[in-house]
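Spelled out, the chains give:
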Amino acid sequence: NAGVTQTPKFRILKIGQSMTLQCTQDMNHNYMYWYRQDPGMGLKLIYYSVGAGITDKGEVPNGYNVSRSTTEDFPLRLELAAPSQTSVYFCASSYAGHRHTEAFFGQGTRLTVV
Amino acid sequence: KNQVEQSPQSLIILEGKNCTLQCNYTVSPFSNLRWYKQDTGRGPVSLTIMTFSENTKSNGRYTATLDADTKQSSLHITASQLSDSASYICVVSAGRSGGGADGLTFGKGTHLIIQP
């Protein structure tokens, strides 16, 4: 059982470039999330989805976009990369809302913008 | 403002020793508190979840306690092993009317190193 799979694991972007962070889960979870983790800081919610076709903003959504066309996939799009987006990005999923149950996290994508 | 403070920031102990990590929170209204373990280069993994009515919960050598009156939690690790080296993150969930979009406030974590 793969759980939550993120790709790529590492990426270096130049300022202004764009990229998509991929996330897929095989647990048939309705809820999916994108978090970023900056050094020495707690995780911050970027976007989340409560089901296919439904997405909503989290605490730090600026500079990002998401889509949820299927239950399994929840890609995160960076359109114009900025140095402030250098971070480790985690995708997570849960059966019910993360407020109420544990979430399962992917291994993370370490992104550096130079 | 909802906050979760963890202490110490980092801790080094010898293999086989016990240790206790602390978490203080000001999240309101309180729903539940969970501890996650995050190995280096990996995503967080849930250890325990405690609701208001639970004051102790164990998961193997990990025992979490919760004092909802003082808004404090601790994670006790018994007979530490090298594989316990990780960051331990305290996460507090707010009730329906509180918190952010996911209702969660994450602590910054305690970085634990177990030395042989």
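Just above, that's the structure.
Presented here is an overview of the structure given in this document. (Residues numbered from 1 in each chain as written. Chains lettered and ligands numbered in written order. Predicted model: local features only at pLDDT ≥ 70, side-chain atom pairs only at ≥ 80, totals over all residues. Heavy atoms only, no water.)

## Some details on the overall build of chain B
Threshold: Helix numbers and strand numbers start at the N terminus; a helix is a DSSP run of H or I with at least 4 residues, a strand a run of E with at least 2. C-alpha atoms define the radius of gyration in this analysis, and the globule rule sets the expected value at 2.2 Å times the number of residues to the power 0.38. Burial classes follow relative accessibility: with a 1.4 Å probe on protein chains only, a residue under 20% of its type's maximum area counts as buried, one over 50% as exposed, and anything between as partly exposed. Any two residues whose heavy atoms approach within 4.5 Å at even a single point are treated as in contact. Using a 1.4 Å probe, the Shrake-Rupley method yields the accessible areas, and only the shown protein chains count as cover for residues.
Along chain B, the regular secondary structure elements total 0 helices and 11 strands. For chain B, the succession of helices and strands along the chain, N to C, is β-β-β-β-β-β-β-β-β-β-β. Relative to the globule expectation of 13 Å for 116 residues, the C-alpha radius of gyration of chain B, 14 Å, shows essentially globular dimensions. Overall, chain B is about 45 × 30 × 20 Å in size when its C-alpha atoms are taken along their principal axes. Looking at the 116 residues of chain B, the share that counts as buried comes to 46%. A sequence separation of at least 24 residues applies to 58% of the contacts in chain B between residues at least 6 apart. Accessible surface computed for chain B: about 5,600 Å², of which carbon and sulfur atoms make up 48%.

## Details of the interface of chain A and chain B
This is how the line gets drawn: Here the quantity called buried area is the accessible surface, traced with a 1.4 Å probe, that two parts lose on coming together, added over both. Only one rule defines a salt bridge in this text: a Lys or Arg side-chain nitrogen within 4 Å of an Asp or Glu carboxyl oxygen. Polar contacts, as used here, are pairs of N or O atoms within 3.5 Å; protein pairs need one atom able to donate a hydrogen and one able to accept it. Residues neighboring in sequence count only if both atoms are side-chain atoms.
Listed as interface residues are 21 residues of chain A and, on the opposing side, 25 residues of chain B. Between chain A and chain B, roughly 1,700 Å² of surface is buried when both sides are summed, and carbon and sulfur atoms account for 51% of that area. The interface formed by chain A and chain B contains 0 salt bridges. Linking chain A with chain B are 4 residue pairs in polar contact (both at pLDDT 80 or more). Put simply, the parts of the chain that give the side of chain A that touches chain B at least two residues each are β4 (31-37) and β5 (44-51) of chain A.

## What about the sheet that holds strand β1 (residues 4-7) of chain B?
Residues and elements named next belong to chain B. Definition in use: In this analysis, strands are considered paired if DSSP registers two or more bridges between them. In this description, a line fitted to the C-alpha atoms serves as the axis of each element, helices being fitted only across the stretch in contact, and the angle between N-to-C directions of two axes falls anywhere from 0 to 180 degrees.
The strand order β1-β3-β8-β7-β6 describes an open sheet built from 5 strands, whose pairing is antiparallel. Looking along the sheet, the strands with just one partner apiece sit at the ends: β1 and β6 (56-59). Averaged over neighbouring strand pairs, the angle between their axes works out to 15 degrees when direction is ignored. Direction of pairing for β1 relative to strand β3 (residues 19-25): antiparallel, over a ladder of 4 bridges. Note that in β3 the partner of V4 across the bridge is Y25.

## A word on the side chain of S94(A)
Residue and element names in this part refer to chain A. Position of S94 relative to the elements: it lies in strand β9 (residues 87-94). Judged by relative accessible area, S94 falls into the buried class, the value being 0%. Reaching out from S94, the side chain makes a polar contact with the backbone oxygen of A96 at a distance of 2.4 Å. The contacts of S94, once residues within four sequence positions are left out, are H29, N30, Y31, Y33, T101, E102 and A103.

## Concerning the pairing of strand β8 (residues 72-77) of chain B
Residue and element names in this part refer to chain B. By the bridge criterion, 6 bridges tie β3 to β8 in an arrangement that is antiparallel. From the neighbouring strand, C19 faces β8, where its bridge partner is I77. Where strand β7 (residues 62-67) and β8 come together, 6 bridges link them in antiparallel fashion. Counterpart to T63 in the pairing with β8 is H76. A loop of 4 residues connects β7 with β8, the two strands running antiparallel in sequence, and K71 in this loop sits at a positive phi of about 60 degrees.

## Quick look at the packing of aromatic side chains
For clarity, the threshold we go by: Classification of ring pairs rests on two measures: the distance between centres of Phe, Tyr or Trp rings, Trp counted by its six-membered ring, which must be within 6.5 Å, and the angle between planes, read as stacked under 30 degrees, edge-to-face over 60 and tilted in between.
Taken as a whole and assessed by the stated rule, the structure comprises 8 aromatic pairs over all chains. With a centroid separation of 5.3 Å and 70 degrees between ring planes, the pair formed by Y35(A) and F106(B) is classed as edge-to-face. With one member in each of two chains, Y35(A) in strand β4 and F106(B) in strand β10 (residues 104-106) form a pair that bridges those chains. Of the residues examined, F106(B) reaches a relative accessible area of 11% and is grouped as buried. For the ring pair F90(A) and F105(A), a centre distance of 6.4 Å and an interplane angle of 80 degrees mean the geometry is edge-to-face. Of this pair, F90(A) sits in strand β9 while F105(A) sits in strand β10 (residues 104-105), placing them 15 residues apart in sequence. Using a relative accessible area of 11% as the deciding quantity, one classes F105(A) as buried.

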